[in-house]
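Fold and contact review
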Amino acid sequence: PIVSFQQCQNEITQLFASISNKKVMVVGHALENDFEALEITHPISLVRDTAFFVPYMRQVRTKLYSRKLSVLSSEELGIDIQQSSEHPPPLEDK
């Protein structure tokens, strides 16, 4: 079902706040983009972002750069994602 931005933001914020009084760890790729789009924050100590996981980053000379999720998925899982003309594909980017 389609929900308003405000409802989505509220539900995510409540979900992140506490599940059975436990801290919620958020795991994903390039999460700063999602947090910015939702206009929310989450404690950095409770965020695990594969975009900044050093073993998954590419090195160019002395700098490390994040790799695209589609590249990580293909190389690490052998699964090709985000290949359609839509950007991002609605079912694969959830």
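In the block above lies the structure referred to throughout.
Attention in this report is confined to the structure presented alongside it. (Residues numbered from 1 in each chain as written. Predicted model: local features only at pLDDT ≥ 70, side-chain atom pairs only at ≥ 80, totals over all residues. Heavy atoms only, no water.)

1. Looking at the overall build of the chain
Per the secondary structure count, the chain includes three helices and four strands. If you list the helices and strands of the chain from N to C, you get α-β-α-β-β-β-α. Per-residue burial for the chain yields a buried fraction of 24% across its 94 residues. In the chain, the share of contacts with a sequence separation of at least 24, taken over all contacts with a separation of at least 6, comes to 21%. Carbon and sulfur atoms make up 55% of the accessible area of the chain, which amounts to about 7,600 Å² in all. (Helix = DSSP H or I, 4+ residues; strand = E, 2+ residues; numbered from the N terminus. Buried < 20%, exposed > 50% of the residue type's maximum accessible area, 1.4 Å probe, protein only. Contact = heavy atoms within 4.5 Å. Areas by Shrake-Rupley, 256 points an atom, 1.4 Å probe, with all protein chains shown as cover.)

2. Considering the packing of aromatic side chains
Scanning the entire structure with this criterion turns up two aromatic pairs. Taken together, a centroid distance of 6.1 Å and an interplanar angle of 80° make the contact between Phe16 and Phe35 edge-to-face. You can see Phe16 sitting in helix α1 (residues 5–17) and its partner Phe35 sitting in helix α2 (residues 31–38), a full 19 residues away along the chain. Note on Phe16: relative accessible area 15%, which makes it buried. (Phe/Tyr/Trp six-rings, centres within 6.5 Å; stacked < 30°, edge-to-face > 60°.)

3. Topic: the nonpolar core
In this structure, Phe16, Val24, Val26, Leu31, Phe35, Leu38, Ile40 and Val47 together form the largest nonpolar core, which totals eight residues. Considering each element in turn, this core owes the most residues, three residues, to α2. With residues near it in sequence (within four places) discarded, Phe35 still touches Phe16, Val26, Ile40, His42 and Val47. (Core = buried A, V, L, I, M, F, W, Y, C linked by side-chain atoms within 4.5 Å.)

4. Focus: the packing of α1 against α2
Their axes nearest at 10 Å, the elements α1 and α2 cross at an angle of 125°. Comparing their axes, α2 and α1 come out oblique. For the pair α1 and α2, contact is made by Phe5, Cys8, Gln9, Ile12 and Phe16 and by Phe35, Ala37 and Leu38, respectively. Across the contact of α1 with α2, the residue classes tally to seven nonpolar, one polar and no charged. (Axes fitted to C-alpha atoms, helices over the stretch in contact; angles between N-to-C directions. Parallel < 35°, antiparallel > 145°, perpendicular 65-115°, else oblique. Nonpolar A, V, L, I, M, F, W, Y, C, P; charged D, E, K, R; others polar.)

5. Notes on unusual backbone geometry
The phi torsion at Ala30 lies on the positive side, around 55°, for a residue other than glycine. The phi dihedral of Glu39 is positive, around 55°, even though this residue is not glycine. Structurally, Glu39 is set in the loop between α2 and β2 (47–49).

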